[in-house]
Amino acid sequence: MQKFIVFLLVGLMSSTAADAKKQSKGGDPIVVSPEDLDRSVMSYVEANVLATMYHELGHALIDGLSLPIFSREEDAADTFVVVITDKFFDAEQAEQLTWASADQYARDAEEAEKKGQELAVWSTHSLDLQRYYNLICLYYGGNVQQRDDFAEENGLPSDRAQTCEEERELAETSWGGVLDDIKRTRSGPDWIVLDEDVDTLGNSYVLAAQSVIRREVARLNERFAPDFEVKVVIENCNEENAFYSPGEGKITMCNELSRSYVHD
Ligand SMILES: [Zn+2]
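Quick caveat, the model's predicted, so the values are computed rather than measured. (Residues numbered from 1 in each chain as written. Predicted model: local features only at pLDDT ≥ 70, side-chain atom pairs only at ≥ 80, totals over all residues.)

(A) Layout of the overall build of the protein. Looking only at helices and strands, one finds nine helices and six strands in the protein. Looking at the protein as a whole, 37% of its 264 residues qualify as buried. A separation threshold of at least 6 residues defines the contact pool for the protein, and within that pool the share at least 24 residues apart is 67%. (Helix = DSSP H or I, 4+ residues; strand = E, 2+ residues; numbered from the N terminus. Buried ≥ 20, exposed ≤ 12 C-beta atoms within 10 Å, placed from the backbone. Contact = placed C-beta atoms within 7 Å.)

This is how it looks when you write it as structure tokens:
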């Protein structure tokens, strides 16, 4: 699976580095230059941070637009990640993003098994490995002719592969229609407002991840303009988490979660 890790950041490292110059709370400047970051590690962190942010944004759209959801909301939010990232990035980048995000679920599943934890069959989320296969399937279903190697390399069983194109078409009809409806047609205020904590746990990858979120929020503001506001807060939470708070229209992206995506 390593071969997919490499490239998302090629065009992004320089802007990430330029952005990633901030004062830490202690007053010492933290400066991240591309040489300080291992490209494949950063690519993995970036992919997972983006996938997580888009998952939470899926929740925000479901809430803000009162979208009808006829099954588990968590699955709908995962589906949104594939639909929007496949539109937002070129094929190579979208593939890396899907793979890295799916791979993180596979790692989580493996770790839980090692610890002897029971499968969380009661959870609002699908099981980690189901989330893995759902992502791989939906991405593959977006172009079954060109992405069959991807499906095979990531172990998608042929029983499931048979329905992926249809599953993706349904996802496109559902989420694609939502994205069409909220397309920005004229200038106006940003619908996503960013609030960043300057502390980054002293971790260069976390700092770079903040830049990734900042860049992505700017792109989302350029392209979409629903008539409600979403706040994205990046902060230390003392837990590895990201979540959407419906009452407040707020996405919280925890720095600890970004740090948890750093695998040497
Ligand atoms: Zn969720």
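That shown, we press on.
(B) Representation of the pairing of strand β3 (residues 192-196). Here five bridges tie β3 to strand β4 (residues 230-235), and the two strands are oriented parallel to one another. Note on β4: the bridge partner recorded for E196 is I234. A crossover links β3 with its parallel partner β4, the connecting element being helix α8 (residues 204-223), and its sense is left-handed. (Pairing = 2+ DSSP bridges. Right-handed = clockwise from strand over helix to strand, strands pointing away.)

(C) Here's a closer look at unusual backbone geometry. Positive phi outside glycine occurs at L201, with the angle close to 60°. Note on L201: 15 C-beta atoms within 10 Å, which makes it partly exposed. If you check the backbone angles, N238 has positive phi at about 65° while not being a glycine. In this structure, N238 sits in the loop between β4 and β5 (242-245).

(D) Molecular detail of the nonpolar core. Core analysis: the largest hydrophobic core is formed by 59 residues, its most contacted members being I136 and I213. Among the secondary structure elements, those contributing two or more residues to this core are α2 (39-64), α3 (73-88), α4 (91-114), α5 (128-141), α7 (158-181), α8, β4 and β6 (250-254). Element by element, the count of residues in this core is highest for α2, at twelve residues. Residue assignment places this core across two domains, with domain 1 (12-21 + 28-40 + 185-264) and domain 2 (66-181) each supplying three or more. (Core = buried A, V, L, I, M, F, W, Y, C linked by C-beta atoms within 7 Å. Domains from an automatic or database assignment.)

(E) Representation of the sheet that holds β3 within the structure. The mixed open sheet is built from four strands, whose spatial order is β3-β4-β6-β5. The outermost strands of the open sheet, each flanked by one partner alone, are β3 and β5. Between one strand axis and the next, the sheet turns through 15° on average, direction left out of account. (Axes fitted to C-alpha atoms, helices over the stretch in contact; angles between N-to-C directions.)

(F) Representation of α3 in the model. With 16 residues, α3 should reach 22 Å at 1.5 Å per residue; the first-to-last C-alpha distance of 22 Å fits that figure. Those residues of α3 that fall on the buried side of the exposure criterion are A76, A77, D78, T79, F80, V81, V82, V83, I84, T85 and D86. Its buried side turned inward, α3 meets α2, α4, α5 and α7. (Expected span 1.5 Å × (residues − 1).)

(G) Highlighting α5. The first and last C-alpha atoms of α5 sit 20 Å apart over 14 residues, in line with the 20 Å expected at 1.5 Å per residue. Within α5, twelve of the 14 residues are buried, leaving the element largely enclosed by the surrounding structure. When we look at burial in α5, the residues that qualify are D128, R131, Y132, Y133, N134, L135, I136, C137, L138, Y139, Y140 and G141. In this structure, the buried side of α5 is in contact with α3, α4, α6 (148-153) and α7.

(H) Focus on the packing of α3 against α7. Following both chains from N to C, one finds α3 and α7 inclined at 70°, their axes separated by 10 Å at the closest point. Between α3 and α7, the angle falls in the class roughly perpendicular. Our pair here, α3 against α7, has a crossing hand that is right-handed. Two secondary-structure elements touch here, α3 through T79, F80, V82, V83 and I84 and α7 through A171, E172, W175, G176 and L179. Of the residues assigned to the contact of α3 with α7, the class counts are seven nonpolar, two polar and one charged. (Parallel < 35°, antiparallel > 145°, perpendicular 65-115°, else oblique. Left-handed = near helix turned anticlockwise from the far one by under 90°. Nonpolar A, V, L, I, M, F, W, Y, C, P; charged D, E, K, R; others polar.)

(I) Layout of the confidence of the model for the protein. This prediction gives the protein a mean pLDDT of 89; 87% of its residues lie at or above 70. Confidence over residues 1-30 falls short of pLDDT 50; this stretch has 52 contacts with residues more than four positions distant or in other chains. (pLDDT = per-residue confidence, 0-100.)

(J) Representation of the pairing of β4 within the structure. A one-sided burial pattern is seen for β4, the buried positions being V230, V232 and I234 and the unburied ones K231, V233 and E235. Across five bridges, the pairing between β4 and β6 is parallel. Across the sheet, the residue bridging to E235 is C254, located in β6.

(K) Expanded view of the packing of α5 against α7. Axis separation between α5 and α7 bottoms out at 7 Å; the angle between their running directions is 75°. By the angle between their directions, the pair α5 and α7 is classed as roughly perpendicular. Judged by residue contacts, Y133, C137, L138, Y140 and G141 of α5 engage R160, A161, C164, E165, E167, R168 and A171 from α7. Here the contact of α5 with α7 is composed, by residue class, of seven nonpolar, one polar and four charged.

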